[in-house]
Amino acid sequence: MMTTRLATKNDIEKVLLLQEKNLYHNLTELERKKGFVTTPFTVSQLETVIQENGLFIAEDEQQNLIAYAFAASWDYFKQWEIFNYMVSRFPKLTFRGNEITTANSFQYGPVCIDEKHRGKNILPLIFEEMRLELVKKLPLSLTFINKVNIISEKAHTQKLGWEIIDEFEFNNNSYIGLAFDMKQSVLK
């Protein structure tokens, strides 16, 4: 039976291993079509997000880490320039009639599921674990997906109900920006 929970410092090594197996620059073009992550996190960055209760994991029956999902403040993510660019676009964006600000939203992602466990309904479960923790603080979640990561776009829009609210170019890549109402459960 698979379980989901907040990560602890004891999970860092496993998160780094799963990250390494799924980093864009470590995959072949064919492997990338099955999904990938682009942001490599350091031990220090993982320790910080864990302290902020912003890293969620899924484990199998043998307590092997099979997925992780990040969810943190814009302040945490400002160390990467793409997130600052996203925030600069907020004044032009709305979601379901609500303005988007750093005070009413947080950045979700990246999320990574071990390849052999994809398609087994893990994404909704780990997302719901995260949603239940973060809805206590903020009503909106935002993220971006590289347009070439079609599998991630479909998983988030079709399985979870994220809505595309933006498209932008950054660092010679094309992205979609998405938003999610944190009051909305993804489990049926």
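Our subject is the structure listed above.
The rules behind each value
Residue positions are given per chain, counting from 1 as you read along its sequence in written order. Restriction of local features to residues with pLDDT of at least 70 applies here, the model being predicted, together with a cutoff of 80 or more for giving and counting side-chain atom pairs; totals for whole chains, interfaces and linings are based on all residues. Side-chain calculation: all heavy atoms of the structure are included, whereas hydrogens and water are not. Any residue with an atom within 4 Å of a point lines the site, the site being either a cavity, points on a 1 Å grid over the protein atoms alone where a 1.4 Å probe fits but cannot get out, or a pocket, an open set with protein on both sides within 12 Å along at least 5 of 7 lines. Grid points are joined across faces, edges and corners, and a volume is the space filled by probe spheres set on the points. In this text, helices come from DSSP runs of H or I with a minimum length of four residues, and strands from runs of E with a minimum of two, each type numbered from the N-terminal end. Gly falls in the polar group here, along with every residue not listed as nonpolar (Ala, Val, Leu, Ile, Met, Phe, Trp, Tyr, Cys, Pro) or charged (Asp, Glu, Lys, Arg).

Draft legend 1. Structural view of the layout of surface pockets. Taken as a whole, the largest pocket holds about 610 Å³ of empty space. Lining the largest pocket are 33 residues, with Phe36, Val111, Asn149, Ser152 and His156 positioned closest to its centre. For the lining of the largest pocket, the secondary-structure elements that each account for two or more residues are strand S6 (105-113), helix H6 (122-134), strand S7 (140-146) and helix H7 (150-160). If one sorts the elements of the lining of the largest pocket by residue count, S6 sits on top with seven residues. Among the residues making up the lining of the largest pocket, the classes are represented as 15 nonpolar, 14 polar and four charged. Size it by volume and the second largest pocket reaches roughly 270 Å³. Lining of the second largest pocket is provided by 14 residues; of these, Thr38, Ile82, Asn171, Asn173 and Tyr175 occupy positions nearest its centre. Secondary structure elements with two or more residues in the lining of the second largest pocket: helix H5 (81-89), S7 and strand S9 (173-181). Considering only residue class, the lining of the second largest pocket consists of eight nonpolar, five polar and one charged.

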